[in-house]
Amino acid sequence: MRYVAMWLRAVLLAVACTVGMSGLVHADALTPLRSDALPPVPASGTVQGLATLDGRVLAIVDGKAWLLDQGKAAWAPLPWAAGGPPGGLAVVFGDGARAYATQLDAGRLSGVVRLSLGAGGVEVRPLPVPPEPLSEARPAFAGSSVYIAGLSNGAPRIWRFDADATQPAWSSIEGWPSRAAATSLAVQGAGIFVTAGGSVWRRSPEGVWTHRGDVPGTVLPGMARALGQANVLYLVADAADTAHAMTYQVVTQSWARLPGVDFVKPVAMAPWQAGVLWASGIDGRTAVASAQVQSGKLLLRWLDWLVIVVYLAGMIGIGLYFYLREKRNSTSSFFVGGRSIPFWAAGISLYAANTSSISFIAIPAKAFESNWQYMTNNLIAVFGLMFVAVWIVPLLRRLDLMSVFSYLETRFHPAIRMIASALCILTQLGSRMSVILFLPALAIATITGISTTLSVILMGGFTIVYTAMGGMKAVIWTDVVQVIVKMGGAIFAIGFIIWHLHGGMGEFVHTAMADHKFHLLDFSFDLTKATVWGFVFLVLFDVVLTFPKDQVLMQRTLSTPSDREAGRSIWAFAAIMIPGGFVFYMIGTALFVYYKAHPERMNPLLPIDATFPLFIAAELPMGVTGLIVAGIFAAAMATLSGIMNSVATLVSVDFYERLVKNPSPKRSVVFAEVSTIAVGLVGIGLALLLSRFDVHSLFDVSIELAGLLGGGFAGAYTLGMFTRRANSPGVAIGIAGSTALTLVAWAFRLVHPYFYLAISIFLCIVIGYVASLFFPAPTRSLKGLTIHRESREG
């Protein structure tokens, strides 16, 4: 511990040198635009629009098609494959991959066609005729759907057409509350955004329209595009012939101007890479240019790197210390620390394992985007942990297990143990380790400019080294240090934001309350939302009924000297959970207040999960940035090390020592070390695979995967510990049946993903118990294996 204290003093001294030396800096835009001129189209007249087809730029002027060559040096005329342009061609639109065009008849929408490049030129494929003509029609394309907003007999209306549907057809969407004509239509995430009458209107997935503020100027007709995960880019006019690009941040409902380009007499706009293509009619020609958002990397400075290096060196040092000190002649020493860990250290380690990079990055992002609803889980979980501390953990600790799945063998059958252990390994690697490793890599890539791939490799590599060297003792004692680092950095970030708001705490509270950011409890019975009832079910099934199957958490309690100490470690964990949860949700709220006041400091290209990393890199002073980056490392590495050690435990104890005849203690320890390295490498590979996808919320993904992969076998513990009638054939049927039915619920999106885990466990319990009635009751003694005082057959 003296080594740990010296390390902490070194970090705090380094940070203290710069705290107060700089404030919340910068007032200018973080992401300006860069303009690149393209050759003018050798035609003048009415510009129907620009589009991108197969990576080529297409311009349509007065019904004639022009295609820009691959080198972007000249335009060439392109014939229409059908002999001529579609009649009444009005506006070309698309998403940068597909292109469509509207047709007008007497000023009203009469048709929509899809444009594509073919051997004979521009091919035209008509869509079904819209059910009614619309005036002032504004089109948009998102995902696989065409949207048309307009007025039908003076009433707002939106029509939607899913081009990829099995039987595509137009469907009607109720229009916005204002009777003003739409000037633009955009689809961002799950919301539809319409500007009309100088206001922004949003339609939620539930079909509710809300007023989302006023436009600071006049949105040019049809000139809007979704940008990133939470922004819409508009061309807004504040002068007769000049417009400016402005982003509307859909979460904070704030507008920010993107400097660097003035749009003179724009007549058409289309999505193009990280910005737009735009055309203007000047001096009898059609000029075309691109405007791209510039997003530079915010590199760490020397003191930041010093703090991070000291932190990483400290982690390796702790691992090396226990490697040199401990004589690991048994797997018990490597996997459960010789059962000598004090309860308070085990409790802190439990919290560290439970608050991974998901807590440090994804939860602030969730609170930034929505509110504190998910905090309900922490509040209810404390009551669940009380039950676990009194009944479940002491029962398992008395059995002196290393793998919690040994219980399933003793209670049921070796096959049940191995099936459950295998599913647990998949759950930890698929739903936990990959996400936890990818999130900090995303943050590091945002802050330092190091690629996400290299960041994943570095993060995983350091964690592999100290975990493989030090075993469970290194895992727990590094967790203690990591909790101090990450909580200290998180609290500092909250205080730093509030201190530098113009109105201080008053502005923070007023802004957050006005936008309902502190909303905590939702008592509705909507199963598609995260409600109080959903969290009650989640805690009942995910904490009370599944805590026994969580090898990562249980392994820490199994490392304590006695069943009494194991129970006390859970009480310590519960005591930290609520205040710790408030800290992470408060970060998200503080970020919302700050970026609502300073929308120009956001990067519209970054995903929502990168909000906190962006703030760390762009706004905090030197040294403090390094401390919080170390906190991100700490949040991830605390959980990663536990997962590596726990999965290695399962591989070694549940499979290697069962399948290999008479393994020596030394060979078992070597295999455990190799398994730790192998698990880490697999986790790195899965994280790299995850980085190839554009995921809206990794927090939601982790919940969904955990429910799909980890629910079925969890019910086996409930059947084993709370019933005497359950038997191995019934439990096996319960696991298989619950997993299959949960996949059905997932495939048809029947409920919110938060319910998957509860559904899977409930089904396993019901199916497993009913199936057990068709087989003989257990005949062996169940003493000490259930919560019942007398464990005889009944």
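In what follows, the accompanying structure is described. (Residues numbered from 1 in each chain as written. Predicted model: local features only at pLDDT ≥ 70, side-chain atom pairs only at ≥ 80, totals over all residues. Heavy atoms only, no water.)

Description of the overall build of the protein chain
Note the following rule: Each helix is a run of DSSP H or I of at least 4 residues and each strand a run of E of at least 2, with the numbering of both proceeding from the N terminus. Here the term buried applies to any residue with accessible area under 20% of the maximum for its type, exposed to any over 50%, and partly exposed to those in between, with areas from a 1.4 Å probe on protein chains only. Whether two residues are in contact is decided by their heavy atoms, any of which lying within 4.5 Å being enough. For every accessible area listed, the method is Shrake-Rupley and the probe measures 1.4 Å; residues are considered covered only by the protein chains on display.
The secondary structure content of the protein chain amounts to 20 helices and 25 strands. Counting only residues that meet the buried cut, the protein chain has 59% of its 794 residues in that class. Taking contacts inside the protein chain between residues at least 6 apart in sequence as the whole, the part at least 24 apart equals 69%. When the accessible area of the protein chain is evaluated, it comes to approximately 30,200 Å², of which 62% is carbon and sulfur surface.

Side note on the sheet that holds strand S23 (residues 266–272)
Rules: In this description, strands pair whenever DSSP reports at least two bridges between them. Between the N-to-C directions of two axes lies an angle of 0 to 180 degrees, each axis being a line fitted to C-alpha atoms and, for a helix, fitted only over the stretch in contact.
Pairing is antiparallel in the open sheet, where four strands are placed in the order S1-S25-S24-S23. Since the sheet does not close on itself, it has two edges, and those belong to strand S1 (33–41) and S23, each with one partner. Each neighbouring strand pair of the sheet contributes to a mean axis angle of 25°, computed without reference to strand direction. Direction of pairing for S1 relative to strand S25 (residues 285–293): antiparallel, over a ladder of seven bridges.

Some remarks on the packing of aromatic side chains
For clarity, the threshold we go by: A pair of aromatic rings is counted whenever rings of Phe, Tyr or Trp (Trp by its six-membered ring) have centres within 6.5 Å, and the orientation is called stacked for planes under 30 degrees apart, edge-to-face for over 60 and tilted otherwise.
All told, the structure shown has 21 aromatic pairs when counted by the stated rule. Ring geometry for Phe-193 versus Tyr-248: centroids 6.2 Å apart, planes at 65°, classification edge-to-face. Placement of the pair is Phe-193 in strand S15 (residues 191–196) and Tyr-248 in strand S20 (residues 242–249), with a sequence separation of 55 residues. The class of Phe-193 is buried, set by a relative accessible area of 1%. Arranged with centres 5.1 Å apart and planes meeting at 75°, the rings of Tyr-321 and Phe-322 form a pair that is edge-to-face. When its relative accessible area of 6% is taken as the criterion, Phe-322 is described as buried. Through pairs of rings, three or more aromatic residues link up here, namely Phe-193, Tyr-234, Tyr-248 and Trp-255.

Here we look at the environment of Gln-273
In this structure, Gln-273 sits in the loop between S23 and strand S24 (275–282). With residues up to four places along the chain from it excluded, the contact list for Gln-273 reads Arg-225 and Gln-292.

Focus on the pairing of strand S4 (residues 64–68)
The buried fraction of S4 amounts to four of the five residues, a majority that puts the element mostly inside the structure. When strand S3 (residues 56–61) meets S4, the two strands line up antiparallel, connected through four bridges. Each residue of the ladder has a partner; that of Val-61, found in S4, is Lys-64. Linkage of S3 to S4, two consecutive antiparallel strands, is achieved through a turn of two residues, within which Asp-62 is found at a positive phi near 50°. Taken together, the four bridges between S4 and strand S5 (residues 75–78) define a ladder with antiparallel strand orientation. Residue Leu-68 lies in a different strand from S5, and its bridge partner there is Trp-75.

Section: the packing of helix H14 (residues 611–619) against helix H15 (residues 624–659)
The condition that has to hold: Geometric relationships in this document are graded by angle, where less than 35 degrees denotes roughly parallel, more than 145 denotes roughly antiparallel, 65 to 115 denotes roughly perpendicular, and other angles denote oblique. Should the near helix be turned anticlockwise from the far one by less than a right angle, the crossing is termed left-handed; should it be turned clockwise, right-handed. Under the grouping applied here, Gly and all other residues not named as nonpolar or charged are polar, the nonpolar ones being Ala, Val, Leu, Ile, Met, Phe, Trp, Tyr, Cys and Pro and the charged ones Asp, Glu, Lys and Arg.
Taken N-terminus to C-terminus, the directions of H14 and H15 make an angle of 155°; their axes are 9 Å apart at the nearest point. Accordingly, the angle class assigned to the pair H14 and H15 is roughly antiparallel. Relative to H15, the crossing made by H14 is left-handed. For the pair H14 and H15, the contacting residues are Phe-612, Ile-616 and Ala-617 in the first and Thr-625, Ile-628, Val-629 and Ile-632 in the second. For the contact of H14 with H15, a count of residues per class yields six nonpolar, one polar and no charged.

Looking at a nonpolar patch on the surface
The line we're drawing: Like-charged residues are merged into a patch within 9 Å and nonpolar side chains (Val, Leu, Ile, Met, Phe, Trp, Tyr) within 5 Å, provided each residue has over 30% relative accessible area and no salt bridge. By definition, a salt bridge exists where a carboxyl oxygen of Asp or Glu is found within 4 Å of a side-chain nitrogen of Lys or Arg.
Nonpolar side chains collect at one region of the surface, where Ile-733, Phe-762, Val-766, Tyr-769, Val-770, Leu-773, Phe-774 and Phe-775 lie side by side and expose about 750 Å² of accessible area between them. Of the residues forming the nonpolar patch, the biggest block, four residues, is contributed by helix H20 (residues 756–772). Summarising the element assignment, Phe-775 is placed in the segment after H20.

Quick notes on the pattern of salt bridges
This model, assessed by the stated rule, comprises 15 salt bridges. Among the salt bridges present, the one from Asp-262 reaches Arg-257, with a minimum N-O distance of 3.6 Å. Overall, Arg-257 belongs to the partly exposed group, its relative accessible area being 41%. Arg-568 is paired through a salt bridge with Glu-565; the nearest N and O atoms lie 3.0 Å apart.

Structural notes on the packing of helix H4 (residues 343–354) against helix H9 (residues 452–500)
Contact geometry of H4 with H9 gives a least axis separation of 8 Å together with a crossing angle of 60°. Of the possible angle classes, the one that applies to H4 and H9 is oblique. The two elements H4 and H9 cross, and the hand of that crossing is left-handed. Each of Trp-344, Ala-345, Ile-348, Ser-349, Tyr-351 and Ala-352 in H4 lies in contact with H9, whose residues at this interface are Ile-476, Trp-477, Asp-479, Val-480, Val-483, Lys-486 and Met-487. Class assignment for the residues of the contact of H4 with H9 results in ten nonpolar, one polar and two charged.

What to know about the sheet that holds strand S17 (residues 209–214)
Paired through their backbone hydrogen bonds, the strands of a sheet run either parallel or antiparallel. The strand order across the open sheet formed by four strands is S14-S15-S16-S17, and the pairing between neighbours is antiparallel. For this open sheet the edge positions go to strand S14 (182–188) and S17, each flanked by a neighbour on one side alone. Each neighbouring strand pair of the sheet contributes to a mean axis angle of 25°, computed without reference to strand direction. Pairing of S14 with S15 involves six bridges; the strand directions are antiparallel.

Comments concerning the side chain of Ser-641
With respect to the helices, strands and loops of the structure, Ser-641 is situated in helix H15. Among residues more than four places away in sequence, those in contact with Ser-641 are Thr-463, Tyr-466, Thr-467, Val-475 and Asp-479.

Observations concerning the environment of Tyr-756
Here Tyr-756 lies in helix H20. Here Tyr-756 falls in the buried class, since its relative accessible area comes to 1%. Along the backbone, Tyr-756 and Thr-742 are 14 residues apart, and their C-alpha atoms lie at a distance of 6.4 Å. In this structure, Tyr-756 is in contact with Glu-704, Gly-707, Leu-708, Thr-742, Ala-745, Trp-746, Arg-749 and Val-751, ignoring residues within four places of it in sequence.

Structural notes on the environment of Ala-367
Mapped onto the secondary structure, Ala-367 falls in helix H5 (residues 357–369). Leaving out residues up to four positions away in the same chain, Ala-367 has contacts with Trp-372, Lys-517, Tyr-585, Gly-588 and Thr-589.

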